[in-house]
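Given next are the chains, with one letter for each unit.
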Amino acid sequence: EIAQQWFGVMLSPATLDDAWLQYGAARYCESLYVEHAQDKAAWKDLITQLEIGALSYPDTALGSSSQLYVFSPQFQDLNYDKGAMLFHMLRWQLGDQPFNNALRDVVNQYAWKSISTAEFQQAVEKSTQSDLRSFFSQWYRGTAVPTFTNSYTVYRLQGGGYRVTGKIQQNLDLFSMPVQVSVLTDGATASATVPVTGSESSFTLDMQARPRQVEIDPDNWILKASPELNLRVALSRGDNDVAAGDFPNAIKQYEAALKINPISSLAYYRLAEAYYQEQNWQNAADAYRQAMNGDLDPQ
């Protein structure tokens, strides 16, 4: 709320299709504050919240925000949360210092003026001497998000230590971004940044300790789909429907969550509450009972 007092005054979006430059920037400032004032776990939890909001309404591109009602959950989640994720991913792609320098250059150039996304892109490209056409095409004008998987093999090196060779697979033909790969070992964690282009990219990491697990994008720098996030997205959409008093659609969203995880106690509990609001007492009682027999995970 404090950040939002600034954004939209010194810099204002040219159109509703550029609203993410105001709302997303304010939301991302919240994550920057948490990153500096709290621990890494709190920061990663907030980034996960941004991902959930960004994935909640996947059929509308950020660049088509003007098609939505400004006070609808779709517009809010898209511009606050996906907008913040764009700043987050841009920071990852450019690096901290170039990203910060670019934002300062944008403010200096457009202070007390309106700015469009195209102008923002051009200013950042000029400041960082980079080509961001693929980035904005994918995240601002597009709606698809990657789903990452990996396969790898571990080799014992003759001189001591281990080598992990593997491939990062994802479902988007035109995806192009650096992706962090981490190998958890019995000692220190080994990490590398892999330039992923297209549906498959290779990586190799050497380490001294025995590898135990390979993780793709462990710090959540990239907006992506996963079963865990899909479950939380379905719950979030159901919660939005409950807040709007639309209990039939809320029930559909909670049932969609249960298709992802049939033993989710949280999904059953939210489903029970929706039935209770409808005064559908028997279905509410059944769902409460299922919640007690589920995974008992409150998150």
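Residues numbered from 1 in each chain as written. Predicted model: local features only at pLDDT ≥ 70, side-chain atom pairs only at ≥ 80, totals over all residues. Heavy atoms only, no water.

Observations concerning the overall build of the chain
Stated formally: Only DSSP runs of H or I reaching four residues or more are called helices, and only runs of E reaching two or more are called strands; each is numbered from the N terminus. Each residue gets one of three labels from its accessible area relative to the maximum for its type: buried under 20%, exposed over 50%, partly exposed in between, using a 1.4 Å probe on protein chains only. Residues are treated as being in contact if the distance between any of their heavy atoms lies within 4.5 Å. Values of accessible area rely on a 1.4 Å probe in the Shrake-Rupley scheme; residue burial ignores everything except the protein chains shown.
Of the regular secondary structure elements, the chain holds 10 helices and 8 strands. Each principal axis of the C-alpha distribution contributes one length, and for the chain these read about 65 × 60 × 40 Å. In the chain, buried positions account for 47% of the 299 residues. For the chain, contacts bridging at least 24 residues in sequence account for 63% of all contacts bridging at least 6. Put simply, the chain shows about 15300 Å² of open surface, and 49% of that area lies on carbon and sulfur atoms.

Topic: the sheet that holds strand β5 (residues 176–185)
Heads up, the condition is: Whether two strands pair comes down to DSSP finding at least two bridges between them. The convention used is that axes are lines fitted to C-alpha atoms, helices contributing only their stretch in contact, and that angles between N-to-C directions extend from 0 to 180 degrees.
Taken in spatial order, the 3 strands make up an open sheet running β6-β5-β8, and their pairing is antiparallel. The open sheet has two edge strands with one neighbour each: β6 (190–197) and β8 (211–216). The average angle at which neighbouring strand axes cross in this sheet is 25°, direction not considered. Of the pairings in the sheet, the one linking β5 to β6 comprises 8 bridges and is antiparallel in character. Looking at the pairing, methionine 177 lines up with valine 196 of β6. Of the strands in this sheet, β5 and β6 are in contact with helix α3 (residues 73–94), which crosses β5 at around 80°.

Some words on the packing of helix α1 (residues 20–37) against helix α2 (residues 40–55)
Put simply, the test is: Angles below 35 degrees are treated as roughly parallel, those above 145 as roughly antiparallel, those between 65 and 115 as roughly perpendicular, and all remaining angles as oblique. By convention the crossing between two helices is left-handed if the near helix lies anticlockwise of the far one by an angle smaller than a right angle, and right-handed if it lies clockwise. Classification convention: Asp, Glu, Lys, Arg as charged; Ala, Val, Leu, Ile, Met, Phe, Trp, Tyr, Cys, Pro as nonpolar; all other residues, Gly among them, as polar.
Across the interface, α1 lies against α2 with an axial gap of 8 Å and an inter-helix angle of 160°. Taken as axis vectors, α1 and α2 run roughly antiparallel relative to one another. The handedness of the crossing between α1 and α2 is left-handed. Residue-level inspection shows Arg27, Glu30, Ser31, Val34 and Glu35 of α1 in contact with α2, the latter providing Ala42, Trp43, Leu46, Ile47, Gln49 and Leu50. Looking at the contact of α1 with α2, its residues break down into 6 nonpolar, 2 polar and 3 charged.

Details of the sheet that holds strand β7 (residues 200–207)
Read from one edge of the open sheet, 3 strands run β3-β4-β7, paired in antiparallel fashion. Only two strands of the sheet have a single partner each, and these edge strands are β3 (149–156) and β7. Averaged over all adjacent pairs, the angle separating strand axes in this sheet is 15°, with direction ignored.

Remarks on the packing of aromatic side chains
Spelled out, the test is: Aromatic pairs are defined between Phe, Tyr and Trp rings, using the six-membered ring for Trp, whenever the two ring centres lie within 6.5 Å; interplanar angles under 30 degrees are classed as stacked, those over 60 as edge-to-face, and all others as tilted.
Per the counting criterion, the structure on display carries 17 aromatic pairs. Ring centres 5.1 Å apart and planes at 45° place the aromatic pair tryptophan 20 and phenylalanine 87 in the tilted group. Highlighted residues: tryptophan 20 in helix α1 and phenylalanine 87 in helix α3, separated in sequence by 67 residues. A ring pair is formed by phenylalanine 135 and phenylalanine 136, whose centres lie 5.4 Å apart and whose planes are at 75°; its orientation type is edge-to-face. Residues phenylalanine 135 and phenylalanine 136 agree in their burial class; the two are buried. Taken together through their ring pairs, the aromatic side chains of Trp20, Tyr28, Phe87, Phe99, Phe120, Phe135, Phe136 and Tyr140 make up a single cluster.

Things to note about a nonpolar patch on the surface
Stated precisely, the cut-off is as follows: Residues form patches when they are more than 30% accessible in relative terms and have no salt bridge. Like charges link within 9 Å. Nonpolar side chains (Val, Leu, Ile, Met, Phe, Trp, Tyr) link within 5 Å. Whenever a carboxyl oxygen of Asp or Glu lies within 4 Å of a side-chain nitrogen of Lys or Arg, that contact is scored as a salt bridge.
On the surface, Tyr269, Tyr276, Trp281 and Tyr288 cluster together to form a nonpolar patch covering roughly 440 Å² of accessible area. Those elements that place two or more of their residues in the nonpolar patch are α9 (265–277) and α10 (281–292). Assignment of secondary structure puts tryptophan 281 in helix α10.

Regarding the nonpolar core
Selection criterion: Put simply, a nonpolar core is a bunch of buried Ala, Val, Leu, Ile, Met, Phe, Trp, Tyr and Cys residues held in one set by side-chain atoms that sit within 4.5 Å of each other.
With 67 residues, the main nonpolar core has Phe120, Trp139 and Ile222 as its most contacted residues. Among the elements that take part in this core, α3 stands out by supplying 10 residues, more than any other. Apart from residues lying up to four places away in sequence, isoleucine 222 is in contact with Glu51, Met85, Met89, Trp92, Trp139, Pro146, Phe148, Phe175, Met177, Pro178, Val179 and Asp217. The next biggest cluster of nonpolar side chains, apart from the first, holds 18 residues, and it includes Ala234, Ala257, Tyr268 and Ala272.

Details of the pairing of β5
A large share of β5 lies buried, amounting to 8 of its 10 residues. Taking the residues that link successive antiparallel strands as the turn, the β5-β6 hairpin has 4 residues. With 5 bridges joining them, β5 and β8 adopt antiparallel strand pairing. Paired with valine 181 across the two strands is isoleucine 216, which belongs to β8.

Here we look at the environment of alanine 42
Looking at the element boundaries, alanine 42 is found in helix α2. With 11 residues separating them along the chain, alanine 42 and serine 31 place their C-alpha atoms 9.2 Å apart.

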